[in-house]
Amino acid sequence: MSGNGKPKFAMYWAASCGGCEIAVLNIHEKILDVDANFEVVFWPVAMDAKYKDVEAMEDGSILLTLFNGAIRNDENEHIAKLLRKKSKLLVAFGSCANEGCMPALANLSNIQEIVDTAFSTPSTDNPQNIRPNTKFSVPEGELHIPTLYPVVRTLDQVVPVDYYMPGCPPESHQIAAVIDLVIQVLQGKAELPPAGSVIGVGNSTVCDECTRKRNEKKIKKFERIQHIMIDPELCILEQGVLCSGPATRSGCSALCPKAGSPCIGCYGPAEGAEDYGSRLMTAVASVVDSNDPAEIEKIFEGIPDPAGQFYRFNLAGSLLRFSKPAWKG
Amino acid sequence: MSDQFEPVIIGFTCNWCSYRAADMAGTARMKYSPNIRLIRLMCSGRLDPTFVLKAFAGGADGVMITGCHPGDCHYVEQNYKAMRRFVILKKTLAQLGIETGRIKLLWASAAEGAIFTDEVNKFVEQVRELGPLQWPTSGGGLEKMFAMPEQMLVKEVSA
Ligand code: SF4
Ligand code: SF4
Ligand code: SF4
């Protein structure tokens, strides 16, 4: 590395969709501040660098690493451990790294089912039913591809993490604020938050930031959003459409309910909620307008996929982490 | 020691009715299965689903939740809240592969020591029948899970 004296910055994607990377690029001209203040040493989506370049760096020599993506395979785990060793500040960036997000919904299924679904659906052209081999010999030597783990894990289930920045993806203005803060710290104008903090967020719930009117109204039926006309003024949950606002951490300025769509929980558990799904179950149970067991069952039929609803972003980060079929095999 | 599987059951009781039912069973020297470990809450309405998940994640094989009969709650209608939470929690747990037989909701008044002991015994047998749960987040299961990646390899299917 040239070593132009600037602190080093890295960003990596493990099991992710790429959206977190786009969100960082979406900070517009602020990206120039990143370039002005940091030497970008490793960022696969934006520049060419090899793992061996990172391996050659001194331990702790990268000041800031934004790590997005969950830990799905042994390559993800290897790079997480490598970047942990090389970085002073390792940030779990985005919902996937924080709590598993979409990739962790695979924790509802057995790994073999997942592979079969990927390689042998009626629409997949794979007449010989071939599956990937993790090792393959060619005249030049043996090739390896990453091995899938039975379940998806969060970053901090694999290595210690310094800061957490949730969101799917984190909102660009929050990213810009965090980058500003780190730059101010470098200039001695600010201090880092305590280790382990959740950064770039608010400390209440999406409901607190939501401007819709709440009337403590209870409901007799859950509706799918496409089946009703959402009143633009009223709380979406009180209109019978499941909204995750009550359990979700603030920070996005209630983006989705403002646009007429329920919050689906991408900012993760609100401060103090140990298990996101539990918080949401409690909230949802309290709006149901019935004290009759049979009727309650009937009303909850309106939530056909509760695990998918309540743990859409959080399965890997939840107390149970995965389903029995996933770990039992 | 017999080889019989001894399930670990966590029981959440409310202060006013079901805990007193258990207490009454005790003073009347009614025997019930020692597999249940009772935790007293002020009210079944205090039952956060987190408690149940924690019990399972920590190695419990079954969880029993008890409260005052509908209409008898000392906090007016908190036990109805418990009832609603229970329904949605049970449904969610089933999707996660935790059999519905591992979780039970029971209403017992302070006078119903006999019903309480009877239901505890029945529940313990029911969970014994289902066998151990042993969620991997307890007892070193996770280490085992990731210590043997070769076991987790995607199986090769010959072309
Ligand atoms: S957190 Fe969301 S945007 Fe970021 S990588 Fe995961 S799925 Fe994509
Ligand atoms: S439940 Fe949803 S719509 Fe209602 S106040 Fe909360 S965030 Fe807004
Ligand atoms: S409203 Fe909910 S789902 Fe939408 S951006 Fe905010 S936290 Fe994410």
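Please refer to the structure higher up on the page.
Quick caveat: nothing in here was measured; it's all calculated off a predicted structure.

Thresholds, definitions, all that
Residues numbered from 1 in each chain as written. Chains lettered and ligands numbered in written order. Predicted model: local features only at pLDDT ≥ 70, side-chain atom pairs only at ≥ 80, totals over all residues. Heavy atoms only, no water. Near = heavy atom within 4 Å. Nonpolar A, V, L, I, M, F, W, Y, C, P; charged D, E, K, R; others polar. Helix = DSSP H or I, 4+ residues; strand = E, 2+ residues; numbered from the N terminus. Contact = heavy atoms within 4.5 Å. Buried area = accessible area lost by both parts, 1.4 Å probe. Salt bridge = Lys/Arg side-chain N within 4 Å of Asp/Glu carboxyl O. Polar contact = N/O pair within 3.5 Å; in protein donor to acceptor, adjacent residues only side chain to side chain. Buried < 20%, exposed > 50% of the residue type's maximum accessible area, 1.4 Å probe, protein only. Core = buried A, V, L, I, M, F, W, Y, C linked by side-chain atoms within 4.5 Å. Pairing = 2+ DSSP bridges. Axes fitted to C-alpha atoms, helices over the stretch in contact; angles between N-to-C directions. Parallel < 35°, antiparallel > 145°, perpendicular 65-115°, else oblique. Left-handed = near helix turned anticlockwise from the far one by under 90°. Phe/Tyr/Trp six-rings, centres within 6.5 Å; stacked < 30°, edge-to-face > 60°. Lys NZ or Arg CZ within 6 Å of the ring centre and 35° of its normal.

Chemist: Even after reading the chapter, I still don't get the site of ligand 3, so can you show me in this structure?
Modeler: Looking at ligand 3, the residues that line it are Val206(A), Thr248(A), Cys252(A), Cys256(A), Pro257(A), Cys263(A), Ile264(A), Gly265(A), Cys266(A) and Tyr267(A). Considered class by class, the residues forming the shell around ligand 3 number eight nonpolar, two polar and no charged.

Chemist: Even after reading the chapter, I still don't get unusual backbone geometry, so can you show me in this structure?
Modeler: Excluding glycine, residues mostly have negative phi values, and the peptide bonds linking residues are mostly trans. Residues and elements named next belong to chain A. Note that the residue after Cys 168, namely Pro 169, is joined by a cis bond; omega there is -15°. Positionally, Pro 169 belongs in the loop between strand 9 (163–165) and helix 7 (172–186). The phi dihedral of Glu 216 is positive, around 55°, even though this residue is not glycine. Along the polypeptide, Glu 216 turns up in the loop between helix 8 (206–209) and helix 9 (255–258).

Chemist: Would you mind showing me how to read the interface of chain A and chain B here?
Modeler: With 49 residues of chain A at the interface, the matching set in chain B holds 42 residues. Summing the contributions of chain A and of chain B, the shared interface buries around 4,000 Å²; its carbon and sulfur component is 69%. A salt bridge links Glu274(A) to Lys54(B); its shortest N-O distance comes to 2.8 Å. The interface formed by chain A and chain B contains 13 residue pairs in polar contact (both at pLDDT 80 or more). Among the secondary structure elements, those contributing two or more residues to the side of chain A that touches chain B are helix 6 (111–119), strand 8 (148–153), helix 10 (276–287), helix 11 (293–300), helix 12 (306–310) and helix 13 (324–328) of chain A. Its residues placed into classes, the side of chain A that touches chain B shows 26 nonpolar, 13 polar and 10 charged.

Chemist: Could you clarify how one ought to interpret the pattern of salt bridges in this entry?
Modeler: Opposite charge on two side chains lets them pair, provided their charged atoms get close. Residues and elements named next belong to chain A. Tallied over the full model, the rule gives 21 salt bridges over all chains. A salt bridge links Lys 30 to Asp 33, with the shortest nitrogen-to-oxygen separation between them at 3.8 Å. You can see Lys 30 and its partner Asp 33 sitting in helix 2 (residues 30–37), three residues apart, about one turn around the helix. Using a relative accessible area of 28% as the deciding quantity, one classes Asp 33 as partly exposed. Here Arg 84 and Asp 162 are joined by a salt bridge, their closest N and O atoms 3.1 Å apart. Of this pair, Arg 84 sits in helix 4 (residues 74–86) while Asp 162 sits in the loop between strand 8 and strand 9, placing them 78 residues apart in sequence. Like Asp 162, Arg 84 is buried. A cluster of three or more residues bridged by salt bridges with shared partners is formed by Lys 30, Asp 33 and Asp 180.

Chemist: What is the right way to look at the nonpolar core in this model?
Modeler: A general tendency of soluble globular proteins is for nonpolar side chains to be buried together. By size, the foremost hydrophobic cluster in this structure holds 74 residues, and its most contacted members are Phe222(A), Phe300(A), Phe310(A), Leu320(A), Val52(B) and Leu93(B). Counting residues per element, this core draws most heavily on helix 3 (residues 78–95) of chain B, at seven residues. In contact with Phe310(A), not counting residues within four places along its chain, are Leu242(A), Tyr276(A), Gly277(A), Leu280(A), Met281(A), Val284(A), Ile303(A), Ile88(B) and Thr92(B). If you look at the next biggest cluster of nonpolar residues, it comprises 24 residues, including Ile27(A), Val34(A), Leu66(A) and Met165(A).

Chemist: Teacher, can you tell me more about the sheet that holds strand 1 (residues 9–14) of chain B here?
Modeler: Backbone hydrogen bonds are what pair the strands of a sheet, in a parallel or an antiparallel way. Residues and elements named next belong to chain B. Strand order in the open sheet formed by four strands is 2-1-3-4, and the pairing between neighbours is parallel. Bordering the open sheet on either side are strand 2 (36–41) and strand 4 (103–107), each of which pairs with just one other strand. Across the sheet, the mean angle from the axis of one strand to that of its neighbour is 20°, orientation sign disregarded. Relative to strand 4, strand 3 (residues 62–67) is paired through five bridges, and the arrangement is parallel. Among the inter-strand pairings, Thr 66 is bridged to a residue of strand 4, identified as Leu 106. This element, helix 2 (residues 49–57), spans strand 1, strand 2, strand 3 and strand 4 of the sheet and lies at about 155° to strand 3. Against the sheet, helix 4 (residues 113–130) touches strand 1, strand 2, strand 3 and strand 4, its axis set at about 160° to strand 3.

Chemist: Would you mind going over the packing of helix 2 of chain A against helix 7 of chain A with me for this structure?
Modeler: The angle between the axes and the distance between the axes are what describe a pair of packed helices. All names here are of chain A. Relative to each other, helix 2 and helix 7 sit at 30°, their axes nearing to 10 Å. Classified by the angle between their axes, helix 2 and helix 7 sit roughly parallel to one another. For the pair helix 2 and helix 7, the crossing hand works out as left-handed. Two secondary-structure elements touch here, helix 2 through Lys 30, Asp 33, Val 34 and Asn 37 and helix 7 through Ala 176, Ile 179, Asp 180, Ile 183 and Leu 186.

Chemist: Explanation requested: the sheet that holds strand 5 (residues 87–93) of chain A in the structure shown.
Modeler: All names here are of chain A. One open sheet accounts for five strands, arranged 2-1-3-5-9; its pairing is parallel. The open sheet has two edge strands with one neighbour each: strand 2 (39–42) and strand 9. Neighbour-to-neighbour, the strand axes of the sheet open up by a mean angle of 25°, direction not taken into account. The pairing of strand 1 (residues 8–13) with strand 2 spans three bridges and is parallel. Within strand 2, the position partnered with Phe 9 by the bridge is Val 40. Across the sheet, helix 4 is in contact with strand 1, strand 2, strand 3 (62–68) and strand 5; its angle to strand 5 comes to roughly 140°.

Chemist: Is there a simple way to think about the site of ligand 1 in this case?
Modeler: All names here are of chain A. Taken together, Ser 16, Cys 17, Gly 19, Cys 20, Asn 68, Gly 94, Ser 95, Cys 96, Cys 101, Gly 167, Cys 168 and Pro 169 make up the full set of residues adjacent to ligand 1. Of all the secondary-structure elements, those providing two or more residues to the shell around ligand 1 are helix 1 (19–25) and helix 5 (95–99). Here the residues of the shell around ligand 1 are counted per class, giving six nonpolar, six polar and no charged.

Chemist: I would appreciate a short explanation of the packing of aromatic side chains in the present structure.
Modeler: Aromatic rings considered in pairs are described by the distance between their centres and by the relative angle of their planes. Tallied over the entire structure, the rule returns 12 aromatic pairs over all chains. Arg153(A) extends its terminal NZ or CZ atom over the ring of Tyr149(A), reaching a point 5.1 Å from the ring centre. The aromatic ring of Phe146(B) is capped on one face by Arg153(A), whose charged end is 3.4 Å from the ring centroid.

Chemist: What am I meant to see in the environment of Val161(A) here?
Modeler: All names here are of chain A. Within the secondary structure layout, Val 161 lies in the loop between strand 8 and strand 9. With 52 residues separating them in the primary sequence, Val 161 and Lys 213 have C-alpha atoms 38 Å apart. The residues contacting Val 161, other than those within four sequence positions of it, are Arg 84, Leu 90, Ala 92, Leu 155 and Asp 156.

Chemist: Looking at this structure, I do not really get the pairing of strand 1 of chain A. What am I missing?
Modeler: Along any regular strand, the residues point their side chains to alternate faces of the sheet. Residue and element names in this part refer to chain A. With five of six residues buried, strand 1 is to be regarded as a mostly interior element. Bridge count for strand 1 against strand 3 is six bridges, and the pairing is parallel. The residue of strand 3 that forms the bridge with Phe 9 is Leu 64.

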